[in-house]
Amino acid sequence: LAGYFGGWVDLLLSRFFELWAAIPSFFLILTAAAFFPPSLFFVMVIIGFTSWVGIARLARSQFLQVRSFDYVAAARSLGCTNGRIMFIHILPNVIAPIIVMATITLGQAILVEASLSFLGLGVVPPTPDWGLMISEGRAFISIVPWISGVPGAALALLLIALSIVGDGVRERFDPKLRTNR
């Protein structure tokens, strides 16, 4: 909405994005951990509430760029509604970078959750968690390094896989990268 309509809508929503982005998720989770018992649900909710801003700002900038293209002006002159222009004409052309940003943000959220579990503020045993496994294996790192190494490697592989999936989805859905078959 901010990128498509511009003006006061853009100003109002951009200030809301900036206000929301000023809340650091890691410290908010640490504060919540001090008041509530450790829970995966609280961690996921707080990470979700603080992680969407980057994606929203990217979507806004992509919409600002694409709304000035000729095919959007042609759709407007044909009498298309704002909703149709946003969802049928603009969104398919801006979705690729948004998906890539979403996969990067998902990787960051997984890493924040694993970090909190490593510190003992996230998931509690017996719930399995890579951060918790790495933390519990620290005492035995000199004897059996794979106790911490395997969960750490699995976490790294997951983050790399998310990045690769994001690039693959971008290549699949980006109209500029499609080949005529």
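Computed from a predicted structure; not experimentally measured.

Cut-off values and rules
As a convention, each chain's residues are numbered from 1 in the sequence order in which they are written. The predicted nature of this model means local features are confined to residues of pLDDT at least 70 and side-chain atom pairs, given and counted, to a pLDDT of 80 or more, with totals for whole chains, interfaces and linings taken over all residues. Calculation of side-chain values draws on the structure's entire complement of heavy atoms; hydrogens and water are dropped beforehand. Note on terminology: a nonpolar core comprises buried Ala, Val, Leu, Ile, Met, Phe, Trp, Tyr and Cys residues joined through side-chain atoms within 4.5 Å. The rule is simple: take the accessible area with a 1.4 Å probe, protein chains only, and divide by the maximum for that residue type; under 20% is buried, over 50% is exposed, in between is partly exposed. Put simply, DSSP marks the helices as runs of H or I at least four residues long and the strands as runs of E at least two long, and each gets a number from the N terminus on. Residues count as neighbours in contact if any of their non-hydrogen atoms are within 4.5 Å of one another. Patch membership requires over 30% relative accessible area and the absence of a salt bridge. Like charges are linked within 9 Å, and nonpolar side chains (Val, Leu, Ile, Met, Phe, Trp, Tyr) within 5 Å. Accessibility throughout is a Shrake-Rupley quantity obtained with a 1.4 Å probe, and a residue counts as covered only by protein chains that appear here. We count a salt bridge whenever a side-chain nitrogen from Lys or Arg sits within 4 Å of a carboxyl oxygen from Asp or Glu. To define axes, lines are fitted to C-alpha atoms, for helices over the stretch in contact only, and angles between the resulting N-to-C directions are given on a 0 to 180 degree scale. Left-handed describes a crossing in which the near helix is turned anticlockwise from the far one by less than a right angle; the clockwise case is right-handed. Residue polarity is assigned by list, with Asp, Glu, Lys and Arg as charged and Ala, Val, Leu, Ile, Met, Phe, Trp, Tyr, Cys and Pro as nonpolar; anything else, Gly included, falls into the polar class. Roughly parallel refers to an angle under 35 degrees, roughly antiparallel to one over 145, roughly perpendicular to one between 65 and 115, and oblique to any angle outside these ranges. Pairing of aromatic rings covers Phe, Tyr and Trp, the last counted by its six-membered ring, and requires centre-to-centre distances within 6.5 Å; plane angles under 30 degrees mean stacked, over 60 mean edge-to-face, and any other angle means tilted. Each residue after the first adds 1.5 Å to the expected span of a helix.

(A) Representation of the nonpolar core in the model. By size, the foremost hydrophobic cluster in this structure holds 11 residues: Tyr 4, Ala 59, Phe 63, Val 66, Val 72, Ala 75, Ile 85, Met 86, Ile 90, Val 94 and Ile 98. Residue assignment for this core shows that the elements contributing at least two residues are helix H5 (53–66), helix H6 (70–77) and helix H7 (82–119). Apart from the residues lying within four places of it in its own chain, the contact partners of Phe 63 are Gly 3, Tyr 4, Met 86, Ile 90, Leu 91 and Val 94. Counting 7 residues, the second largest nonpolar core, distinct from the first, contains Ile 29, Ala 32, Val 43 and Ile 47.

(B) Spatial organisation of a nonpolar patch on the surface. On the surface, a nonpolar cluster with roughly 540 Å² of combined accessible area is contributed by Phe 140, Ile 143, Trp 146, Ile 147 and Val 150. Mapping Phe 140 onto the fold places it in the loop between helix H8 (130–137) and helix H9 (146–173).

(C) Quick peek at the pattern of salt bridges. Counted under the stated rule, the structure contains 1 salt bridge. A salt bridge links Arg 15 to Glu 18; the nearest nitrogen and oxygen atoms lie 3.0 Å apart. Note that Arg 15 and Glu 18 are positioned in helix H2 (residues 7–21) at a spacing of 3 residues, about one turn of the helix. Residue classification places Arg 15 among the partly exposed positions, given a relative accessible area of 44%. Exposure remark for Glu 18: the relative accessible area of 40% places this residue in the partly exposed category.

(D) Fine view of the packing of H7 against H8. Their axes nearest at 7 Å, the elements H7 and H8 cross at an angle of 35 degrees. Seen along the crossing, H7 lies across H8 with a hand that is right-handed. Counting all contacts with H7, which are made through Ala 114, Ser 117 and Phe 118, the residues of H8 involved are Gly 131, Leu 132, Ile 134 and Ser 135. Partitioning the contact of H7 with H8 into residue classes produces 4 nonpolar, 3 polar and no charged.

(E) Structural detail: the environment of Phe 17. Among the structural elements, Phe 17 can be located in helix H2. Of the residues examined, Phe 17 reaches a relative accessible area of 10% and is grouped as buried. The contacts of Phe 17, once residues within four sequence positions are left out, are Trp 52, Val 53, Ala 56, Arg 57 and Arg 60.

(F) Summary view of the packing of H7 against H9. With their axes 8 Å apart at the nearest point, H7 and H9 run at an angle of 175 degrees to one another. In terms of orientation, H7 lies roughly antiparallel with respect to H9. Residues Pro 92, Ile 95, Ala 96, Ile 99, Val 100, Thr 103, Leu 106, Gly 107, Ile 110, Leu 111 and Ala 114 of H7 touch H9, and the partners they reach there are Leu 155, Leu 158, Leu 159, Leu 162, Gly 166, Asp 167, Val 169, Arg 170 and Phe 173. In the contact of H7 with H9, the residues fall into 15 nonpolar, 3 polar and 2 charged.

(G) Expanded view of the packing of aromatic side chains. Going through the model one piece at a time under the given rule, you end up with 5 aromatic pairs. Their ring planes at 45 degrees and their centres at 5.9 Å tell us that Trp 20 and Trp 52 sit as a pair that is tilted. On the criterion of sequence distance, the pair formed by Trp 20 in helix H2 and Trp 52 in the loop between helix H4 (40–51) and H5 is long-range, its members being 32 residues apart. These aromatic residues form a ring-pair network of at least three members: Phe 16, Phe 17, Trp 20 and Trp 52.

(H) Representation of H9. The end-to-end C-alpha distance of H9 is 39 Å, a good match for the 40 Å that 28 residues give at a rise of 1.5 Å each. Looking only at H9, the buried set comprises Ser 148, Pro 151, Leu 155, Leu 162 and Gly 166. For H9, the secondary structure elements touched by its buried residues are H7 and H8.

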